[in-house]
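# Per-entry structural report
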Amino acid sequence: MKITLVNYHTGDQINSRVPKSLVKIWGVTPPLGLAYIAAVLEKEKYNVSILDVPALNLTKNETYEELKKQKPDVVGITCMSSTISGALEAAQLAKKTGAIVVIGGSHVAACPREILSHEFVDYGLIGEGEHTLPLLLKAIENKTPLKNIPGLVYKKDREIIVNPGFGFVEDLNYLPMPAYHLLPMEKYNLVIALHPMITMVSSRGCPGQCGFCFKKPGDRKLRFRSPEKIVDEMEFLIKKYKIKEIVIADDNLTTSKPNIRKICNEIIKRKLKFRWEAPTRVDFVDLEILKLMRKAGCRRLRYGVESGDEKTLKLMKKGVTLDKIRQVFKWTKRAGIEAFAYFIIGYIGETEESIKKTINFAKELDPDMLMFCAATPLPDTNLFDLAISHNFVDKNYWKNYTLGKTSKRLPFFVKDTDKWIKKAYRSFYFRPKYILRMLMKIRSWHDIKKYYYAALGLFLFRMEK
């Protein structure tokens, strides 16, 4: 059986939280989820390939021609809520080639029946595909019953069946290294990272209860890879692909301080020379761990600050205070690590005053980089429930969006949210102090191009309304 795993264009992506003009210049990162699934399938002796459409910059027609050329028996497609329109387009292309079409990813958990109602989708996977897809393929090959595959969504006698449970990998160390050899490694880049770069993960799950965050079924349980395996993978990437920077794609790298200490000490022990960065939370770091991370090559940490207004932070269920955020940003700078801050503008209940507090707080923290996002109620989140209770959003919005019954963007909760975000970006990045600091960091032609495209994205600022 031949399987092709597809990472497709995002589609209209009208519900992206990030300004459209910045998405275009941000860069392209590998579909790690598909690479993990491919590695598991290879271990099971399947003939598998990955078609990373954005990385290869393929058009719709070129994607179709490539699928026809490969002639897969099964096509697996990944999607999130904001990219479901693109995933459905990819499914249509795959079905035209005669393949069995399987869709996985976070949005399947939110709208399983709606996704399967499309005639060109045969199966949906809720949870982690490394666990569920091999079971499905064996059932298709052997023509055995599907009812015992956890989290499988399928059609039977014109009825859509959603099996209880979900795909879950209990021990991450069981998973083989992602199938990097199936990816166009030279194509991946980020405007904030050195090239060549790559992403990787050290854990899955997050203990945070942020009101705007959509939790996949597997996110509710924290799992960690062994530090030795993590650093083995880092060493492999550096030696095999000459990687200069690794971007950790965990939800929160420092959830387990003993684990991150072991990772850092292992990097130092092996004398690996590369740069890396990761996301974390301000309530999961201290000065001692930050200094160790810097010694091990950590170049930047990405913090979800979200707001400069205490009342809004509480509504977001962040569980931190402004003073705690201030302290950690000082520690980060003292440790010699760059700080990247995420902020959300236009949350439910926000006012002009609270938005101004956030913009001023961003300037006070003065991170090396930041991103302002529009509050977007993803399915099955506290923010979505709040939006429904305030009559901002119909409770069936995501179902109707998945079915193609609506193509309207989710509403902004605060008037002129897009204009406030534009103002926030420009008032932070176009400060003489910040511009001078960036100019002093230029060390290469790559840096010049990076800052040029970043500035262009801000000049041509655009958000979907």
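Scroll up for the structure.
Read on for a plain summary of the structure. (Residues numbered from 1 in each chain as written. Predicted model: local features only at pLDDT ≥ 70, side-chain atom pairs only at ≥ 80, totals over all residues. Heavy atoms only, no water.)

### Observations concerning the packing of aromatic side chains
For clarity, the cut-off: Any Phe, Tyr or Trp ring, taking Trp's six-membered ring, that has another such ring centre within 6.5 Å forms a pair; planes under 30 degrees apart are called stacked, those over 60 apart edge-to-face, and the others tilted. Only protein chains enter the area calculation, which uses a 1.4 Å probe; residues under 20% of their type maximum are buried, those over 50% are exposed, and those in between are partly exposed. Charge-over-ring placement is defined geometrically: NZ (Lys) or CZ (Arg) within 6 Å of the ring centre, and within 35 degrees of the ring normal.
Per the counting criterion, the structure on display carries 14 aromatic pairs. Aromatic side chains phenylalanine 428 and tyrosine 434 sit 5.3 Å apart centroid to centroid with 50 degrees between the ring planes, which places their arrangement in the tilted category. Measuring from ring centre to ring centre gives 5.1 Å for tyrosine 429 and tyrosine 434, while their planes differ by 75 degrees; the resulting arrangement is edge-to-face. Accessibility expressed as a relative area gives 14% for tyrosine 429, which makes it buried. Joined through ring pairs, the aromatic side chains of Phe343, Phe372, Tyr425, Phe428, Tyr429 and Tyr434 make up one cluster. Over the face of the ring belonging to tyrosine 36 we find arginine 204, whose NZ or CZ atom lies 5.4 Å from the ring centre. Sitting over the ring of phenylalanine 428, arginine 431 keeps its end group 4.3 Å from the ring centre.

### What about the sheet that holds strand S8 (residues 159-162)?
The strands making up a sheet are joined through hydrogen bonds of the backbone, oriented either antiparallel or parallel. To keep things clear, this is the line we draw: In short, DSSP must find at least two bridges between two strands for them to pair. A helix here means a DSSP run of H or I that spans at least four residues, while a strand means a run of E at least two residues long, and both kinds are numbered starting from the N terminus. Simply put, an axis is a line fit to the C-alpha atoms, just over the touching stretch for a helix, and the angle between two N-to-C directions goes from 0 to 180 degrees. Contacts between residues were defined by any pair of non-hydrogen atoms, one from each residue, lying within 4.5 Å.
Pairing in this open sheet of seven strands is mixed, and the strands run S3-S1-S4-S5-S6-S7-S8 from one edge to the other. Bordering the open sheet on either side are strand S3 (47-52) and S8, each of which pairs with just one other strand. Looking at each pair of strands side by side, their axes are set apart by 20 degrees on average, direction ignored. Both strand S4 (residues 74-78) and strand S5 (residues 100-104) contribute to a ladder of five bridges, which runs parallel. By the bridge assignment for S5, threonine 78 is matched with glycine 104. Taken strand by strand, helix H5 (residues 84-96) contacts S4 and S5, and its axis lies near 165 degrees from that of S5. Packed onto the sheet, helix H8 (residues 129-142) meets strand S1 (2-7), S4, S5, strand S6 (123-125) and strand S7 (152-156) and runs at close to 150 degrees relative to S6.

### A short note on the environment of isoleucine 388
With respect to the helices, strands and loops of the structure, isoleucine 388 is situated in helix H15 (residues 382-389). Through-space distance from the C-alpha of isoleucine 388 to that of phenylalanine 212 is 14 Å; in sequence the pair is 176 residues apart. With sequence-adjacent residues up to four places away left out, isoleucine 388 is seen in contact with Val393 and Lys395.

### Some remarks on empty space enclosed by the protein
As a reminder of what qualifies: Put plainly, a pocket is an open set of points on a 1 Å grid over the protein atoms alone with protein on both sides within 12 Å along at least five of seven lines, a cavity is a set where a 1.4 Å probe fits but cannot get out, and a lining residue has an atom within 4 Å of a point. Grid points are joined across faces, edges and corners, and a volume is the space filled by probe spheres set on the points. When residues are grouped by polarity, Ala, Val, Leu, Ile, Met, Phe, Trp, Tyr, Cys and Pro land in nonpolar, Asp, Glu, Lys and Arg in charged, and all others, Gly among them, in polar.
The final tally for this structure, using the stated rule, is one cavity of 30 Å³ or more. In terms of lining residues, the largest cavity is bounded by Ser202, Ile230, Met234, Ile248, Leu253, Ile260, Ile263 and Trp276. Listed by contribution, the elements that provide at least two residues to the lining of the largest cavity are helix H9 (227-241) and helix H10 (257-270). Here the residues of the lining of the largest cavity sort into seven nonpolar, one polar and no charged.

### What to know about the pairing of S7
Sheet topology places S6 next to S7; three bridges connect them, and they run antiparallel. Residue leucine 125 lies in a different strand from S7, and its bridge partner there is leucine 152. The pairing of S7 with S8 spans four bridges and is antiparallel. Counted as the bridge partner of lysine 156 is glutamate 159 from S8. Where S7 hands over to S8, the hairpin turn is made up of two residues, of which aspartate 157 adopts a positive phi near 50 degrees.

### Let's talk about H9
Where we set the bar: Here, expected helix span is obtained from the residue count minus one, scaled by 1.5 Å.
Its 15 residues place the ends of H9 21 Å apart at the C-alpha level, agreeing with the 21 Å of an ideal helix rising 1.5 Å per residue. In the segment just after H9, lysine 242 is the residue with positive phi, at about 55 degrees.

### Focus: the state of the cysteines
Note the cut-off: By disulfide we mean two sulfur atoms from cysteines, separated by a distance within 2.5 Å.
For the structure shown, the criterion picks out zero disulfides. Just so you know, cysteine 213 is unpaired, no disulfide at all, and the nearest cysteine sulfur is the one on cysteine 210, 6.3 Å from it. Taking the relative accessible area as the measure of exposure, cysteine 213 reaches 35% and is therefore partly exposed. The closest cysteine sulfur to the non-disulfide-bonded cysteine 264 is located on cysteine 298, 7.6 Å from its own sulfur.

### Examining the environment of aspartate 52
Applicable threshold: Polar contact criterion, stated in full: a pair of N or O atoms within 3.5 Å, where within protein one must be able to donate a hydrogen and the other to accept it, and residues adjacent in sequence count only if both atoms are side-chain atoms.
For aspartate 52, the position within the fold is in strand S3. In the structure, aspartate 52 is positioned 23 residues away from threonine 29 in sequence and 9.8 Å away in space, judged by C-alpha atoms. Excluding residues within four positions of it along the chain, aspartate 52 makes contact with Asn7, Thr29, Pro30, Pro31, Pro184 and Tyr188. A polar contact is formed between the side chain of aspartate 52 and the side chain of asparagine 7, at a distance of 2.9 Å.

### Structural notes on the packing of helix H4 (residues 60-70) against H5
Applicable threshold: Oblique is the label for any angle not covered by the other classes, which are roughly parallel (under 35 degrees), roughly antiparallel (over 145) and roughly perpendicular (65 to 115). By definition, any crossing whose near helix is turned counterclockwise from its far helix by less than a right angle is left-handed, and any crossing with a clockwise turn is right-handed.
Contact geometry of H4 with H5 gives a least axis separation of 9 Å together with a crossing angle of 40 degrees. Here H4 is positioned oblique relative to H5, judged by the angle of their axes. The way H4 lies across H5 gives a crossing that is right-handed. When H4 is examined against H5, the residues Lys60, Thr63, Tyr64 and Leu67 are found in contact with a partner set consisting of Glu89, Leu93, Ala94 and Lys96. Residues that form the contact of H4 with H5 fall into these classes: four nonpolar, one polar and three charged.

### Some words on the sheet that holds strand S10 (residues 197-200)
Sheet architecture is open: six strands sit in the order S10-S13-S14-S15-S16-S17, paired in parallel fashion. Every other strand in the sheet has two partners, leaving S10 and strand S17 (369-374) as the edge strands with one partner each. Shown here is a sheet whose adjacent strand axes are inclined to one another by a mean of 20 degrees, direction ignored. As paired elements, strand S14 (residues 275-280) and strand S15 (residues 298-306) share five bridges and run parallel to each other. If you follow alanine 278 over to S15, its bridge partner there is leucine 301. Along the sheet face, helix H14 (residues 352-365) touches S15, strand S16 (338-345) and S17 and points at about 175 degrees away from the line of S16.

### With respect to the nonpolar core
Condition: To form a nonpolar core, buried Ala, Val, Leu, Ile, Met, Phe, Trp, Tyr and Cys residues must be joined to one another through side-chain atoms within 4.5 Å.
Judged by nonpolar contacts, the single largest core of 110 residues is most densely connected at Leu136, Ile246, Trp276, Met293 and Ile325. It is helix H2 (residues 32-43) that contributes the most residues to this core, nine residues altogether. When residues no more than four places from it in sequence are discounted, the contact partners of leucine 136 are Val102, Tyr123, Leu125, Leu146, Ile149 and Leu152. Among the nonpolar cores identified, the runner-up in size contains 48 residues, and Val101, Val393, Tyr397 and Tyr401 belong to it.

Limitation: the analysis is restricted to geometry and does not speak to function.
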